[in-house]
Structures are given as C-alpha cells and as structure tokens.
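Commentary on secondary and tertiary structure
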Amino acid sequence: MKKLWMVSILCMLIFMTACSNDAANTEESSGDGKTEVIFWHSMSGELENVVQEVADGFNAEQDEITVTPVFQGTYEEAITKFNTVAGTEDAPAIMQTFEVGTKYMIDSGKIQPVQKFIDDEGYDMNQWEKNITNYYSVDDTQYSMPFNSSTPVLIYNKDAFKEAGLDPEKAPETYSEIKEAAKKLTKDDQVGFSILNYGWFIEELIAVQGGLFVDNDNGRSGNAEKAVFNGEEGLKVFELISEMHKEGTFYNTGQNWDDIRAAFQSGKIAMYLDSSAGIRATVDNAPFEVGAGYLPVPDGVDRQGVIIGGASLWMAKDIDEEKQRAAWEFMKYVTTPDVQAQWHLKSGYFSINPAAYDLPVVQEEWEKYPQLKVTVDQLKNTIPSEATQGALISVFPEARQKVVSAMESLYQGVEPKEALDRAAAEIDQSLEAANRKNGSQ
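Every chain's residues receive numbers from 1 upward, in the order its sequence appears when written. With the structure being a predicted model, the display of local features is reserved for residues of pLDDT at least 70 and the display and counting of side-chain atom pairs for 80 or more, all residues being used for whole-chain, interface and lining totals. The side-chain quantities take in all heavy atoms of the structure and omit both hydrogens and water.

**Observations regarding the overall build of the protein chain**
Counting from the N terminus, the helices are the DSSP runs of H or I reaching at least four residues and the strands are the DSSP runs of E reaching at least two. Of the regular secondary structure elements, the protein chain holds 20 helices and 12 strands. The reference for a compact globule is 2.2 Å times residues^0.38; the radius of gyration itself is calculated from the C-alpha atoms. Relative to a compact globule of 441 residues, whose C-alpha radius of gyration would be 22 Å, the protein chain shows 24 Å and is just as compact. With the C-alpha coordinates aligned to their principal axes, the bounding extent of the protein chain is approximately 95 × 55 × 50 Å. Residue exposure (1.4 Å probe, protein chains only): buried if accessible area is under 20% of the type maximum, exposed if over 50%, otherwise partly exposed. Expressed as a percentage of its 441 residues, the buried residues of the protein chain come to 55%. Counting contacts in the protein chain only where the partners sit at least 6 residues apart, residues at least 24 apart contribute 76% of the total. The contact criterion used throughout is that any non-hydrogen atoms of two residues lie within 4.5 Å.

**Observations regarding the packing of aromatic side chains**
For Phe, Tyr and Trp, where Trp contributes only its six-membered ring, two rings pair if their centres lie within 6.5 Å, and the inter-plane angle classes them as stacked under 30 degrees, edge-to-face over 60, or tilted in between. For the coordinates displayed, the defined rule picks out 24 aromatic pairs. Here the aromatic rings of Phe193 and Phe250 are separated by 6.0 Å at their centres, their planes lie at 80 degrees, and the arrangement is edge-to-face. With Phe193 in strand 9 (residues 191-194) and Phe250 in the loop between helix 11 (232-247) and helix 12 (257-265), this pair connects stretches of sequence that are 57 residues apart. Taken together through their ring pairs, the aromatic side chains of Phe39, Phe58, Phe147, Phe330, Tyr333, Trp343 and Tyr349 make up a single cluster. The lysine or arginine in question, Arg400, covers the ring of Phe396, its NZ or CZ lying 5.2 Å from the ring centre. Two conditions define a charge located above a ring, namely a distance within 6 Å from the ring centre to NZ of Lys or CZ of Arg, and an angle within 35 degrees of the ring normal.

**Focus on the packing of helix 9 (residues 199-207) against helix 19 (residues 396-410)**
Interaxial angle, 0 to 180 degrees, is taken between N-to-C directions of lines fitted to C-alpha atoms, where a helix line uses only the stretch in contact. Relative to each other, helix 9 and helix 19 sit at 85 degrees, their axes nearing to 8 Å. Compared by their axis directions, helix 9 and helix 19 come out roughly perpendicular. Of helix 19, the residues touching helix 9 (which contributes Gly199, Trp200, Ile202 and Glu203) are Phe396, Arg400, Val403, Val404 and Met407. For the contact of helix 9 with helix 19, a count of residues per class yields 6 nonpolar, 1 polar and 2 charged. Throughout, the term roughly parallel applies to angles under 35 degrees, roughly antiparallel to angles over 145, roughly perpendicular to angles from 65 to 115, and oblique to all others. Classification convention: Asp, Glu, Lys, Arg as charged; Ala, Val, Leu, Ile, Met, Phe, Trp, Tyr, Cys, Pro as nonpolar; all other residues, Gly among them, as polar.

**Side note on the pairing of strand 7 (residues 145-150)**
Of all the 6 residues making up strand 7, 6 are buried; the element is thus mostly covered by neighbouring parts of the structure. As judged from the 5 bridges shared by strand 7 and strand 12 (residues 309-316), these two strands associate in the antiparallel manner. Counterpart to Ser150 in the pairing with strand 12 is Gly309. Note on pairing: two strands pair once DSSP finds at least 2 bridges between them.

**Section: the sheet that holds strand 10 (residues 269-275)**
Pairing is mixed across the open sheet formed by 4 strands, whose spatial order is 9-10-8-11. A single partner strand is all that each edge strand has here, and the edge strands are strand 9 and strand 11 (290-293). Sheet twist, expressed as the mean angle between neighbouring strand axes with direction ignored, is 25 degrees. As defined by bridge partners, strand 8 (residues 152-157) adjoins strand 10 across 5 bridges and the pair is classed as antiparallel. Opposite Ile155, over in strand 10, you have Tyr272 as the bridge partner.

**Comments concerning the domain arrangement of the protein chain**
Examined at the domain level, the protein chain breaks down into domain 1 (35-150 + 309-371) and domain 2 (152-305 + 395-439). Residue ranges assigned to each domain were obtained from an automatic or database domain assignment. Computed from C-alpha coordinates alone, the two centres of domain 1 and domain 2 are separated by 28 Å. Of the residues lining the interface, 20 residues belong to domain 1; the matching set on domain 2 comes to 16 residues. Buried area, as used here, totals the accessible surface that two parts lose on assembly, with accessibility defined by a 1.4 Å probe and the loss added over both. Between domain 1 and domain 2, a total of about 1500 Å² is buried, with carbon and sulfur atoms accounting for 47% of that surface.

**Details of the environment of Gly87**
One can find Gly87 in the loop between helix 3 (75-85) and strand 3 (94-98). What makes Gly87 partly exposed here is its relative accessible area of 31%. As a C-alpha pair, Gly87 and Leu345 span 258 residues in sequence and 36 Å in three-dimensional space.

**Observations concerning the pairing of strand 1 (residues 35-41)**
With 7 of 7 residues buried, strand 1 lies mostly within the body of the structure. Bridge count for strand 1 against strand 2 (residues 65-71) is 7 bridges, and the pairing is parallel. Its bridge partner being in strand 2, Val37 is matched across the sheet by Val67. Between the parallel elements strand 1 and strand 2, the chain passes through helix 2 (residues 46-61) in a crossover that is right-handed. By definition, the crossover connecting two strands over a helix is right-handed if that path, from the first strand to the second, turns clockwise as seen with the strands pointing away from the viewer.

**Overview of helix 19**
Expected span, for any helix, means 1.5 Å times one less than how many residues it has. Taking 1.5 Å of rise per residue, the 15 residues of helix 19 would be expected to cover 21 Å, and the 22 Å separating its terminal C-alpha atoms lies within 8% of that figure. Those residues of helix 19 not exposed but buried are Phe396, Ala399, Arg400, Val403, Val404, Ala406, Met407, Ser409 and Leu410. In this structure, the buried side of helix 19 is in contact with helix 9, helix 11 and helix 20 (416-437).

**Considerations on the pattern of salt bridges**
Side chains that differ in sign of charge can pair as their charged atoms come close. We define a salt bridge as a contact between a side-chain nitrogen of Lys or Arg and a carboxyl oxygen of Asp or Glu at a distance within 4 Å. Under the defined criterion, the tally for this structure stands at 25 salt bridges. Its salt-bridge partner being Lys116, residue Glu321 comes within 3.9 Å of it at the nearest N-O pair. With Glu321 in helix 14 (residues 321-334) and Lys116 in helix 5 (residues 115-121), this residue pair connects regions lying 205 residues apart in the sequence. The partly exposed category is assigned to Glu321, whose relative accessible area is 43%. A relative accessible area of 30% means that Lys116 is categorised as partly exposed. The closest approach of N and O atoms between Arg400 and Glu203, which form a salt bridge, is 2.7 Å. With a gap of 197 residues between them, Arg400 in helix 19 and Glu203 in helix 9 connect regions that are remote in the sequence.

**Some thoughts on the side chain of Gln378**
As for its position among the elements, Gln378 is in helix 17 (residues 370-380). If sequence neighbours within four positions are ignored, Gln378 has contacts with Thr151, Pro152, Tyr294, Leu295 and Val306.

**A short note on unusual backbone geometry**
You will see that Asn216, though not glycine, has its phi angle at about 55 degrees, which is positive. If you check the backbone angles, Asn218 has positive phi at about 65 degrees while not being a glycine. Within the secondary structure, Asn218 sits in helix 10 (residues 215-219). Judged by relative accessible area, Asn218 falls into the buried class, the value being 2%.

In structure tokens form, the structure reads like this:
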C-alpha cells in the first residue's frame, strides 16, 4: 500500500512537472494573456536603463504584447549563450548582435530575416537611413533591424588648437593636415594625435578611401577568400601611423577605450579618433572646449564616407509565428521618430529614422552639442558602396585582433608593408578554414 502511495505521488509530480515544462516552452505569455517577447541585449550601465525605457514605452502604448529586455553580458558572451538555444523554442524572440557577427548570424540558419515582415505588410523602408540599413542587407534582403549604430569621428581639443596657433573651428581633413597640426600640438607633456589600437578604426580609415577589407566585393557577392586590406589604402593608413610615431607626434594609448578618453581629457593627447556614440560624454567630461570633425583621408583622395558600427536586432527563426509578429511590432515601434529621437539623445547612437533629427527636442540638443550634428552629417554624406557597406566575414573578431597585432608591431619598428602582409596572410588562413568548415570550397 505504501509503495502504491509513493508511486501515485511520483506520477503526480511527473505530471505536474510535465505540465509546467509545457507551459514554459509554449508561447510565452504574461499572466494577463499578453504575448511576451524576450529581448536579449548587451547594453550595460546607463544604456541598459535606456533600453528598459524603450521597452516600457512600448508596453504602455498597447495591451497585447509585453517586451522583456534581458541583459546577457558582452556581445561575445551573448552570442555564445544564443548558440545554446538557437533553433529551439527557448530562443529569445529578439537578439542583439554586434555588426561583426552579421555573417555568422546569417550563416547560422537560426534567424528569420525581417525582410519577410517588410514584404508581408508592404512596410516602407525608405523611412530608415539607408547608410545604416545597408550594412545588414545582403542580396536585397534585410536580415536584421539596426539598433545602436555609430561611426568613427575625429575629436580634438579646441583650446590646445588656439594655443598652437591653429584654427579651432577647422578640423584637420587630410593626412598632411593631421601631421602638421600634430607637430604644432606636440609639446611638453602633450602629444598631437592618437588612434586606439582597435581594428574597427583601421577598417574605417581604409573604407573612407574606397578600399575593401576582403575580396568578393567585401564578402558580399560571395564568401570572402582573401584579405585585401594590405593594398594601397591600408598601406597609407599604416604609413601615417608609423611615420607619426617615429616623429613623436603619435601616442600609443593601447586597446582600452577608457584609457584613450582619459588621455584626451587630461591633456595628454590633443586629437584622437572616437566612436560617435561617446562624443557627448567626452564633451561633458572635458575641462576644455571639444571639437569634432570627419574621418581624415590621404591627400588627393576623394572621401567616400564611413561604415556603420554598433549592433542590430535579429529575430529568432524557430519560434512561434505569433511571437515573431509581436517582435516585429516592437521593432517597428523602436524605429518611430519620437522613440528614435530619445534614443539618439540619451544613448548617443544614431537615429535609424532621420525624421527624428527634425524634431524640436533634437534640434535644441544640437544647439548645445553641435558635435552630434557633425557625426550625423558625416553619415549622411557617405556614398553607398561595397566599401562603405562594410565587410562580411564569419571570422571578423579574430581578423580584427590580427589587425591590432599588426598595428602594435609598428611601434616596435616593423615596416608598414610587412605588418600588413603578415596580418593579411594570417587572416587568409582563417578564411580558408572557415570556408572549408562551411563547405563552400
């Protein structure tokens, strides 16, 4: 009798557990019957609060969907976690992934291109900034929705410019102007110019000349097989860094964003390249007047523009369609002018919807921070091409680190051409291995 009683209890527990699991694995919904959209992201600190504000605004505006943002660590950590649930009902409806993960996400086969919903309802994509959406579009298919987008920008100390006899209202635009200004700015404990040892800046300095990072139209007309950043455009970038470092007008600030920003704010460096998303904080924290300018180009080269950086929102494929449609509703809400205006002002990232820039709240803020408008104008003036679309390769994080190693070798006296060729050869091996693994060769 006792055994029968224990078996009955065990069966009941198994039944209850099964029911509980079924409830957890079916269409996620809140207690009031709303469809729940789980949104994995990597926005930390104050940006996490801004993301929550966006979700709260959407949740308050309608009564059918609840969006729940969940911080998942860095982009690398988040994509690792996504891999463990991708292709199952446990996958988040929305996943934020950095731009260099684009090729990886496409090849995974675990995402639903947002193009499906754009086509289904005839959604007008013309309201989105094309120079932003281009990065996440391949073969006329929009795979994800841009979210936090940024570009590089030249930052300089206006007070130091005045003291050096330079025009504080005119940012250097060419390599010769950068070199000449840096010579005048380098004195005592101050060095003229610096670039963070980060592969993104090298990619941008090549693209602004119209140069590509890899072959096959930057990996957009087929899988990239060979690195080409060691051509003429890349050589000009590395020669600039090498020459200025030897002259003592270029300061090696390492790989840490906080370090280079601290060096600028303390007066250790007078000019440097930064992300457009960090410009407002730099202006607020600097004890001097800050100027902003476009990415410099070699003399005689026509400026092509910049590649978008940051991250985008991806929709999971193997989840209930109702959940997908709920995720799409949130994505559309995020791109509305009012929401994008607040996102631009509070986060520092670009608005995916340019109409946001015309709103009074943005215009008023631009009066206080004219540097923000410089970054927007630089993006608007970008000429769409394979170069400014950016490269698509599945081994991007690894490739960037090899470029960083090449950049750092310049400070040890390695010749620019040798440093570039070595990095390109190493990336070629990585591309070959990735293509072989994916069965494309």
